[in-house]
Structures are given as structure tokens and as C-alpha cells.
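# Structure at a glance
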Amino acid sequence: MDTSRRTVLAAAAATGLMAAATGTAYASGGRQPVRELFGTLADGTKVHRWTLQNGGTRLKVLSYGGIVQSLEIPDRRGRYANVSLGFDDLDAYVSSSPYFGALIGRYGNRIGGGRFTLDGEEYRLSVNDGQNSLHGGAEGFDKRVWDVEPFTDRTGVGLVLRYVSADGEMGYPGTLKVAVTYTLTPRGDWRIDYTATTDRATVVNLTNHTYYNLAGEGAGDILGHELRLAASRYTPADATLIPTGELAGVAGTPFDFRQRKRIGDGIRTAHPQLVLAKGYDHNWVLDKGVTDRPQPVAWLRDPQSGRTMTIATTEPGVQFYSGNFLDGTLAGPSGRTYRQGDGLCLETQHFPDSPNRPAFPSTVLRPGGTYRSTTVHGFSAR
Ligand code: GLA
């Protein structure tokens, strides 16, 4: 090797470029994450958009809210579409987003009455959904600017998003240090690894709130999508969508997705739970329970395009929300408006209102412990 080449390599290694340039992810079509300016918040903070590409999947993520702004995957003929609902400008995310694509915390889903008691002390949370606290309160993790660090290594191409939630923020006790890793693997899976630590006992339930339409955002409703959920029970809710505490069997009800079924087949049934939620907006109790490793729990397919998504998770529950509150007042990047049922969410999680339900799997995190949760989305087309 001549001296000049050795010098270049030494310089590259010193700046960390070496690892990226020789990383195996490159061999499978991965590229280093690319950053661009997406917009500026009212206080002058710049928001960036990162583009990740690997294994045939392309993901665009904002530093604001850790939002998945676009998720592009091919159909059975190789044609790409963005299968996630969202916006193409920052202002819309700030002013009117129903959590499109966002990272949700400190507590995904609802806490009844916006309060809970832990170790004998009562905490009152930010209330933003009638009397309840929803998705971490009025300014949850979806409205925070995250610190973003890109990486390219053996596991794939990705971003580590970090946020420190102050003690008392939105009413929650404890300084919570959160790190969320989004990885596009060499086979094109989108993997999310969540970790968090605290300096006081608190509750944590992190998730991602992407709305999927496998035909493409703006392509119509998801009622023709087929869904399978590995769950024999779900948590019925009261009129404010707080679980009653019962774990009800799905057998013989429109909540039975143990065999794949068109979402539209049962959604207009006058089942009291569907009436009160205006469709599906419930937590399914996954048969596998809490697991150390992600296990397959959901399967979603659009028969027209053949696009298929599988979800594996370590979490014990999944909120299947059929986009009931979309009412035609928001328009996506396609320029088309989003109406009821034009997208669906599958939010892997611990059960809603767990801090007030000792019988549900615990969401308590204590100092010295680490909150861990992993969800993997796999994509194919056939
Ligand atoms: C969650 C809730 C829904 C709704 C959406 C956002 O999925 O369960 O009731 O609030 O978020 O509109």
C-alpha cells in the first residue's frame, strides 16, 4: 500500500468513516443516513428529517417527536408507496397532528382520571382527553425535539433518538432518560428498541403511533385490509376508553382476529364496544404475554397491492385503532384528505391505565432498573 493511501485510510478511521465504509449494511444496499432541514419551530429550533434506506425499505424520520414522516415499501410488482399517514410540513405536525408517526411517552394510551398512586403518593397528570391523560399529556414525547445520532453497522442503518424528560414533566415523577433506536435491518425490517432509566420511581409505556395504509397514504380506507392478531382476549373499555378491568374473550365477537379477517367484516356490527369507540380502538391482550425477545403478534395485508406487514414485540398488548377520529379535515402529502378509516394503528404497549390496575402487567420503573421494549416490523409483498 502506498503511503498516501495509508494516510487517507488512517484519517478515515480516525473520523469513524472507516467503519461505515466497510460496514456489511452497504453490501445489502444500505446507505448512510442522510439529514436535511425540515422546518423551524416558533422558538427558532431547527427540525431535521433523516432518510434511512436498507434492504428495500425507506424510512424518513423527524427530530421533532421522533415522527415517522414517510415509510416506503414495494408492492408485489416492485412499485413503491408511502404507507404511513402524515404531512409534508412541520407546521401541520405542530398544530394539528393526531399523533401521526410519533414516538409516544411517557405513557402511551390513557390513564384514567389523569392520576395514579405510586408508593403511597398520588400524582396528577396533564389531562388532555376529557378527564383522562392521553399519550403522555398535552405535551408528550411526540411534541419534543429529540437528539438524533445516526449509525451504520452490522445491525443495519439507523438512528438513536434521545430525550431527557424532567422530573415532574406532565406530572410524572422522576427524571427519565430515554433512548429509542430505529434500525432498518439488511432485510428491510424496521426495528424499534426503547430503553429508559429513572432517578425516582415512575411509570413508563413507550410506543410508536404510525398510521398504516398498505395501499399508500391517501389511497382510501383500510377496511379491505386483512388482519390477524395473536390474542384470545381484549380489554373492554368504558365510554371514555378506560379499561373496565375485565379481560374479555374475543370468541364469537367482532374482536376475534385469531384467523385473518377483513377489517371491514365486523367493524359496523352494533357491538356495544364498537359503538362507544366508533370502531376499533381497543387493547388486545396478546396470548404470549411479556417476553424477553420480540415474538410475532400481528399480520396485516392489503390484498390489492400484496403489501404485507408483520409485527413482533416484547410487549403484552397492542392497541388496534381503526382511524375512527379522522374526519376529512387533514390532508396528507398526496394532497388527499384523510377520512374515517383511512389508516390504522397497531400500537404495541402495556395495557391502558395500568398504573391504576394492579392486576395488569406492571409499568413501574424504579431507579437502578432499565425499561426495555422492542418491536420489529417486517415487510413483504405477494
Ligand atoms: C390513540 C387512541 C385513540 C385516539 C388516537 C389519536 O390510538 O387510542 O383513541 O386518541 O390515539 O387520535
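Further up the page is the structure itself.
Here's a quick rundown of the structure. (Residues numbered from 1 in each chain as written. Predicted model: local features only at pLDDT ≥ 70, side-chain atom pairs only at ≥ 80, totals over all residues. Heavy atoms only, no water.)

Looking now at the site of the ligand. If you check the shell around the ligand, you find 13 residues, and the closest are R110, H135, H209, D281 and E347. Separating an oxygen atom of the ligand from a side-chain N or O atom of Q319 is a distance of 3.4 Å. Here the residues of the shell around the ligand are counted per class, giving seven nonpolar, three polar and three charged. (Near = heavy atom within 4 Å. Polar contact = N/O pair within 3.5 Å; in protein donor to acceptor, adjacent residues only side chain to side chain. Nonpolar A, V, L, I, M, F, W, Y, C, P; charged D, E, K, R; others polar.)

The subject of this paragraph is unusual backbone geometry. At the junction of G105 and R106, the peptide bond is cis and its omega measures out at 0° in the coordinates. Within the chain, D119 stands out as a residue other than glycine whose phi angle is a positive 50°. Tracing the chain through its elements places D119 in the loop between β8 (115–118) and β9 (121–124). Positive phi outside glycine occurs at H135, with the angle close to 50°. Structurally, H135 is set in the loop between β10 (133–134) and β11 (147–153). (Helix = DSSP H or I, 4+ residues; strand = E, 2+ residues; numbered from the N terminus.)

What follows is about the pairing of strand β1 (residues 31–40). Here β1 runs beside strand β2 (residues 46–54); their pairing, made up of seven bridges, is antiparallel. Within β2, the residue paired with R35 across the bridge is W50. (Pairing = 2+ DSSP bridges.)

On to the nonpolar core, then. I263, W284 and F320 are the most contacted members of the largest nonpolar core, which has 57 residues in total. The dominant element in this core, judged by the number of residues it contributes, is strand β13 (residues 176–184), at five residues. Look past the residues within four positions of F320 in its chain and what remains in contact with it is L227, L229, F257, I263, Y280, D281, H282, W284, L344, C345 and L346. One finds F38, I67, L134 and L326 within the second-largest nonpolar core, a separate group that totals 22 residues. (Core = buried A, V, L, I, M, F, W, Y, C linked by side-chain atoms within 4.5 Å. Buried < 20%, exposed > 50% of the residue type's maximum accessible area, 1.4 Å probe, protein only. Contact = heavy atoms within 4.5 Å.)

Now for the sheet that holds strand β24 (residues 307–313). The sheet built from nine strands is open, its strands ordered β11-β12-β13-β14-β30-β24-β23-β18-β21 with antiparallel pairing. In this open sheet, the two strands that pair with only one neighbour each are β11 and β21 (261–262).

Mapped onto the fold, S70 is located in strand β4 (residues 68–74). Taking relative accessible area as the criterion, S70 reaches 7% and is therefore assigned buried. Aside from chain neighbours lying at most four places away, what touches S70 is R58, L59, K60, N82 and S84.

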